Amino acid sequence: MKSIAVIPARSGSKGLPDKNIMDLNGQPLMAYTIDAALKSGCFDEVMVSTDSDYYAEIAKNCGATVPFLRDKATSGDNAGSWDVVREVLSRYADDNREFDYVALLQPTSPLRNEQDILGAFDMLKNEDVHNVVTVTEVDHPVQQCFKMPSNGSMKEMAESPYSYARRQDLEPYYRENGAIYLVDAKKIMDKDYNFYADACHGYIMPRERSVDIDTRIDLEVAEVILKSYIKK
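Model, not experiment: these values are computed from the prediction.

*Asks:* Help me get a handle on helix H3 (residues 81-94), residues and values and all.
*Replies:* Here H3 spans 20 Å end to end across 14 residues, near enough to the 20 Å set by a 1.5 Å rise per residue. Within H3, the full set of buried residues consists of Val84, Val85, Arg86, Glu87, Val88, Leu89 and Tyr92. Phi turns positive, to about 60°, at Asn96, one or two residues after H3.

*Asks:* An account of the pattern of salt bridges is needed here, citing residue identities and associated values.
*Replies:* Inspection of the entire model under this criterion finds 13 salt bridges. We note a salt bridge from Lys125 to Asp122, for which the minimum N-O separation is 3.1 Å. On the basis of relative accessible area, Lys125 is assigned to the exposed category, the value being 70%. Two residues, Glu223 and Lys227, come together in a salt bridge whose shortest N-O distance is 3.3 Å. Here Glu223 and its partner Lys227 are both found in helix H6 (residues 216-231), four residues apart, which amounts to about one turn of the helix. For Glu223, a relative accessible area of 21% corresponds to the partly exposed category.

Parameters at a glance
- Residues numbered from 1 in each chain as written.
- Predicted model: local features only at pLDDT ≥ 70, side-chain atom pairs only at ≥ 80, totals over all residues.
- Heavy atoms only, no water.
- Helix = DSSP H or I, 4+ residues; strand = E, 2+ residues; numbered from the N terminus.
- Expected span 1.5 Å × (residues − 1).
- Buried < 20%, exposed > 50% of the residue type's maximum accessible area, 1.4 Å probe, protein only.
- Salt bridge = Lys/Arg side-chain N within 4 Å of Asp/Glu carboxyl O.

Encoded structure:
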């Protein structure tokens, strides 16, 4: 089974400028994802998809391949991650290189490690699993969430059967953490393919490795967690 890791690292982030190469404990952010992918040993190719020559050089120095830069169509704000994946697979196919599975690994999930990647691949050994996405338990019970009107009334919570429930008595809920998307490479080439509907299963990651870098505070939180791991 041949597989490729696609790490999307577009330049020009508006929320956090140059987010994908920002320093995190002495390394550019994307370096952690490249390192995890390489250490996992799961991939025949670990490539970074970027629109920047500067980003490309950083990626290569971290051990990834960057055989080409993105087209303009996949470099804009409106381009989706799967559009990027399809472009990558098409370009490799043009060079007579095809893959069975593709893993989309966001560089904004620097705490995801090689064991998480191995765990996601291990799920594919189950014949009932076609695709894998990483998830983590939500921070607070969704049963105790509520809508609040403009006047600040807590009526909805007051009438909820969960208002005084203990957290440990409530069924856990999960959310995607954006760290790993593992999918059949041929199927994802179809723009109408429903990744979630085709026997997609969730691989649970702990919250401390599920930090998604979107703001400077996220970056600072990731650095604190990363340093605590190093101390251990």
